[in-house]
Amino acid sequence: MNTVFQLPEFEQWLDSLKDRTTRTRLATRLRKAELGNLGDIKPVGSDVWEMREFFGPGFRMYYTWRGEALIVMLGGGDKSTQKADIAHAIALAEKLEIGDFKHDQEN
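Computed from a predicted structure; not experimentally measured.

**Thoughts on the overall build of the chain**
Item 1. Tallying secondary structure elements over the chain gives four helices and five strands in all.
Item 2. Secondary structure elements of the chain occur, N-terminal to C-terminal, as β-α-α-β-β-β-β-α-α.
Item 3. When the backbone C-alpha atoms are referred to their principal axes, the chain occupies close to 35 × 25 × 25 Å.
Item 4. Out of the 107 residues belonging to the chain, those deemed buried represent 41%.
Item 5. Taking the intrachain contacts of the chain between residues at least 6 apart in sequence as the baseline, contacts between residues at least 24 apart amount to 47%.
Item 6. Computed over 15 positive and 17 negative side-chain charges, the separation of the two mean positions in the chain equals 8 Å.

**Side note on the pairing of strand β4 (residues 60-66)**
Item 1. For β4, the buried fraction is high: six of the seven residues fall into the buried class.
Item 2. For strand β3 (residues 48-52) and β4, the ladder comprises five bridges, and the chain directions are antiparallel. Bridge pairing in β4 links Glu-50 to Tyr-62.
Item 3. Of the strand pairs in this sheet, β4 and strand β5 (residues 70-77) are connected by seven bridges, and their pairing is antiparallel. Bridging across to β5, Tyr-63 finds its partner in Met-73.
Item 4. Taking the residues between adjacent antiparallel strands as the criterion, β4 and β5 are bridged by three residues, where Gly-67 takes a positive phi near 75°.

**Some remarks on the confidence of the model for the chain**
Item 1. Residues with a pLDDT of 70 or more make up 91% of the chain, whose mean pLDDT is 90.
Item 2. At the level of individual helices and strands, the chain shows its lowest average pLDDT in helix α4 (residues 102-106), which scores 46, and its highest in β3, which scores 97.
Item 3. Here residues 103-107 is modelled with pLDDT under 50, and outside its nearest four sequence neighbours on either side it reaches two contacts, counting other chains as well.

**Here's the deal with the nonpolar core**
Item 1. The biggest cluster of nonpolar side chains holds 16 residues, and the ones touching the most others in it are Trp-13, Leu-26, Met-51, Met-61 and Met-73.
Item 2. Of all the secondary structure elements, the ones that give two or more residues to this core are α1 (8-16), α2 (20-34), β4 and β5.
Item 3. If we ignore the near neighbours within four places in the chain, the residues touching Met-73 are Val-4, Phe-5, Gln-6, Leu-7, Phe-10, Leu-30, Met-51, Met-61, Tyr-62 and Tyr-63.
Item 4. In terms of nonpolar packing, the next biggest core, distinct from the first, is built from twelve residues, Leu-7, Val-48, Tyr-62 and Leu-96 among them.

**Quick look at the packing of aromatic side chains**
Item 1. Overall, the coordinates contain four aromatic pairs when judged by the stated rule.
Item 2. Each ring, one from Phe-10 and one from Trp-13, has its centre 5.7 Å from the other, and the planes form 50°; the classification is tilted. Of this pair, Phe-10 and Trp-13 both sit in helix α1, three residues apart, which is roughly one turn of the helix. Across the pair, exposure class does not vary: Phe-10 and Trp-13 are buried alike.
Item 3. Of the aromatic side chains, those joined through ring pairs into one cluster are Phe-10, Trp-13, Phe-55 and Phe-59.
Item 4. Across from the ring centre of Phe-55, 3.7 Å away, lies the NZ or CZ of Arg-25, which sits over that ring.

**Quick look at the packing of α1 against α2**
Item 1. It is the contact of α1 with α2, at a shortest axis distance of 9 Å, that shows an interaxial angle of 145°. The segment α1 lies against α2, with Phe-10, Trp-13, Leu-14 and Asp-15 engaging Arg-23, Leu-26 and Leu-30.
Item 2. Its residues assigned to classes, the contact of α1 with α2 comprises five nonpolar, no polar and two charged.

What counts, and where the lines are drawn
Residues numbered from 1 in each chain as written. Predicted model: local features only at pLDDT ≥ 70, side-chain atom pairs only at ≥ 80, totals over all residues. Heavy atoms only, no water. Helix = DSSP H or I, 4+ residues; strand = E, 2+ residues; numbered from the N terminus. Buried < 20%, exposed > 50% of the residue type's maximum accessible area, 1.4 Å probe, protein only. Contact = heavy atoms within 4.5 Å. Lys, Arg positive; Asp, Glu negative; His and termini not counted. Charge placed at Lys NZ, Arg CZ, Asp CG, Glu CD. Pairing = 2+ DSSP bridges. pLDDT = per-residue confidence, 0-100. Core = buried A, V, L, I, M, F, W, Y, C linked by side-chain atoms within 4.5 Å. Phe/Tyr/Trp six-rings, centres within 6.5 Å; stacked < 30°, edge-to-face > 60°. Lys NZ or Arg CZ within 6 Å of the ring centre and 35° of its normal. Axes fitted to C-alpha atoms, helices over the stretch in contact; angles between N-to-C directions. Nonpolar A, V, L, I, M, F, W, Y, C, P; charged D, E, K, R; others polar.

Next up, the structure:
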């Protein structure tokens, strides 16, 4: 089992998606990740990974690992903004420290 923690940047991106079906499909993907099924993933650099979805404009969700079972969702986007989304996710990941999540793991 994994714990999926969503940074505010990720939550804002997910909430900004207007299509309810898309939000539901992406939320389902996150639930699967919690159960250990990460699906189609690809490293994009600096310990950041992308969860790839092949519907709509090609949605991507960016994450990094902290500890053995903590997945930190950094942001998202689609193929049209992929390069900038990756750069933003890497910048966020480089600022994170494991202590940022200590309280969440204890609860």
